[in-house]
Amino acid sequence: MSELVRSAEVIAAEIRSIDAQTREIVLRSAIEIGNRLNEAKELVAHGEWGPWLDANVHYSQSTANNFMRIAEEYGSNFQAIENLTYTKALALLGVPADEREQFAQENDVDNMSARELQQTIKEKKQLEKELKKIQQAAEKDRKEREALAEQVAKLQTELADAKILGDAEEAQKLQDALAEAQEKVKKLEKDLKAKPIDVPAVVEVIPPNVEKELAELRTLAAQPSNETLTKFKVQFEGLGAHFRDLLATLAKIKTADPETYEKYKGAVLRLIGKMEDVI
């Protein structure tokens, strides 16, 4: 009886099966080792952990920490990493636990190499860092603009009181101070009009309903009404200014690295979506 000849496809399927089994064994072993290292660390005297590792398991503290984190993060949710290599599971720890599932779906982590995953996570952290800077600058600017709006409202009230009391000298001082504050407001208005709010670098075509909402906001921001509207106006101007800066940065990224631009563009669109949900 002649020996059965196996096809290349069958051999490939066997290799994939063995590879998957090997990955699972490695990951489950890492979790089990991590669990035992966590248990041992509770029993080892303070300051003796490094020597204990060297004498008993020959792991560096860095390697031991990786095993321990793998166990802590994935021990009760192995399904989250069952299709990943150990290196990719370790890299994914760089993403907050509550964001990992969405991150994995949006970036097709299963089909990435470990190096690609590490680079993507690095880019994500860099973008978050840049966005945090923008948010901090926007918050600082918002407080400054809010203070200016409050100053204008206060001066208007004090000026009205001075006129009622017939204090001409005090009224003149207040009038000068109010004129100076209003000049600053005019400058802010001029800066905003010189750079109208626009989002072509992120959304090629603005939906009509969104454009309508933006137009309504611009109209509201331009109305010289009460103190609340004044506050809204300067806050809206600050948000627009920082958003334009973000778009300018995105445009530079698009020119230098279109692939990275698409990732950052997606992050910005998600942020806009969250803002829209809140409003």
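Let us look at the structure shown here. (Residues numbered from 1 in each chain as written. Predicted model: local features only at pLDDT ≥ 70, side-chain atom pairs only at ≥ 80, totals over all residues. Heavy atoms only, no water.)

### A few points about the overall build of the protein chain
Where we set the bar: What counts as a helix is a DSSP run of H or I of at least four residues, what counts as a strand is a run of E of at least two, and both are numbered from the N terminus. Remark: exposure states derive from per-residue accessible area (1.4 Å probe, protein chains only) relative to the maximum for the residue type, with buried under 20%, exposed over 50%, and partly exposed in between. Note on contacts: a residue pair is in contact if any heavy atoms of the two residues lie within 4.5 Å. Accessible surface area values rest on a Shrake-Rupley calculation with a 1.4 Å probe, where residue burial reflects the displayed protein chains alone.
Counting its regular elements, the protein chain contains 10 helices and 0 strands. Within the protein chain, the proportion of its 279 residues that are buried is 29%. In the protein chain, the proportion of contacts linking residues at least 24 apart, taken out of those at least 6 apart, comes to 61%. As displayed, the protein chain offers around 18800 Å² of accessible surface, 54% of which is attributable to carbon and sulfur atoms.

### Some words on the packing of aromatic side chains
Counted only if it meets this: Pairs were defined over the aromatic rings of Phe, Tyr and Trp, the Trp ring being its six-membered one, requiring ring centres within 6.5 Å. Orientation was assigned from the angle between planes: stacked under 30 degrees, edge-to-face over 60, tilted for the rest. Cation placement over rings: the criterion is NZ of Lys or CZ of Arg within 6 Å of the ring centroid and within 35° of the ring normal.
Inspection of the entire model under this criterion finds 3 aromatic pairs. Arranged with centres 5.4 Å apart and planes meeting at 5 degrees, the rings of Trp-49 and Trp-52 form a pair that is stacked. With Trp-49 and Trp-52 both in helix α2 (residues 49–56) and 3 residues apart, the pair spans about one turn of that helix. Consider the rings of Tyr-59 and Phe-67, whose centres lie 5.3 Å apart with planes at 50 degrees: the pair is tilted. The buried category is assigned to Phe-67, whose relative accessible area is 12%. The lysine or arginine in question, Arg-28, covers the ring of Phe-78, its NZ or CZ lying 3.9 Å from the ring centre.

### A look at the nonpolar core
Note the cut-off: Residues enter a nonpolar core if they are buried and are Ala, Val, Leu, Ile, Met, Phe, Trp, Tyr or Cys, with the set joined through side-chain atoms within 4.5 Å.
Judged by nonpolar contacts, the single largest core of 27 residues is most densely connected at Tyr-74 and Leu-117. Listed by contribution, the elements that provide at least two residues to this core are α1 (8–43), α2, α3 (61–74), α4 (86–91) and α6 (114–165). No other element matches the 6 residues that α3 contributes to this core. Setting aside residues no more than four positions away along its own chain, Tyr-74 makes contact with Ile-31, Ile-81, Ala-89, Leu-92, Leu-93 and Arg-100. Grouped together as the second largest cluster of nonpolar side chains are 11 residues, Leu-127, Ile-253, Ala-267 and Val-268 included.

### A closer look at the pattern of salt bridges
Which entries qualify depends on this criterion: What makes a salt bridge here is a side-chain nitrogen of Lys or Arg within 4 Å of a carboxyl oxygen of Asp or Glu, nothing more.
Evaluated as defined, the whole model comprises 7 salt bridges. For Arg-23, the salt bridge is made with Asp-19, and the minimal N-O distance between the two is 2.4 Å. Taken together, the residues span about one helical turn, with Arg-23 and Asp-19 both in helix α1 at a distance of 4 residues. Classification of Arg-23 as partly exposed rests on a relative accessible area of 22%. Residue class for Asp-19 comes out partly exposed when judged on its relative accessible area of 40%. Measuring nitrogen to oxygen at the nearest pair gives 2.9 Å for the salt bridge that ties Arg-28 to Glu-24. Of the two residues, Arg-28 and Glu-24 both sit in helix α1, 4 residues apart, roughly one turn of that helix. On the accessibility criterion, Arg-28 (42% relative accessible area) is partly exposed. Looking at Glu-24, the relative accessible area reads 34%, which means it is partly exposed. The network of salt bridges with shared partners includes Glu-99, Lys-124 and Glu-128.

### Remarks on the packing of α1 against α2
We count it as follows: Here, axes are lines fitted to C-alpha atoms. For helices the fit covers the stretch in contact, and angles between N-to-C directions go from 0 to 180 degrees. Throughout, the term roughly parallel applies to angles under 35 degrees, roughly antiparallel to angles over 145, roughly perpendicular to angles from 65 to 115, and oblique to all others. Handedness of a crossing follows from how the near helix is turned relative to the far one, being left-handed for an anticlockwise turn of less than a right angle and right-handed for a clockwise one. When residues are sorted by character, Ala, Val, Leu, Ile, Met, Phe, Trp, Tyr, Cys and Pro go into the nonpolar class, Asp, Glu, Lys and Arg into the charged class, and all the rest, Gly among them, into the polar class.
With their axes 10 Å apart at the nearest point, α1 and α2 run at an angle of 130 degrees to one another. Classified by the interaxial angle, the pair formed by α1 and α2 is oblique. Along this stretch, α1 crosses α2, giving a crossing that reads as right-handed. On α2, the residues touching Leu-37, Ala-40 and Lys-41 of α1 are Trp-49, Trp-52 and Leu-53. Here the residues of the contact of α1 with α2 are counted per class, giving 5 nonpolar, no polar and 1 charged.

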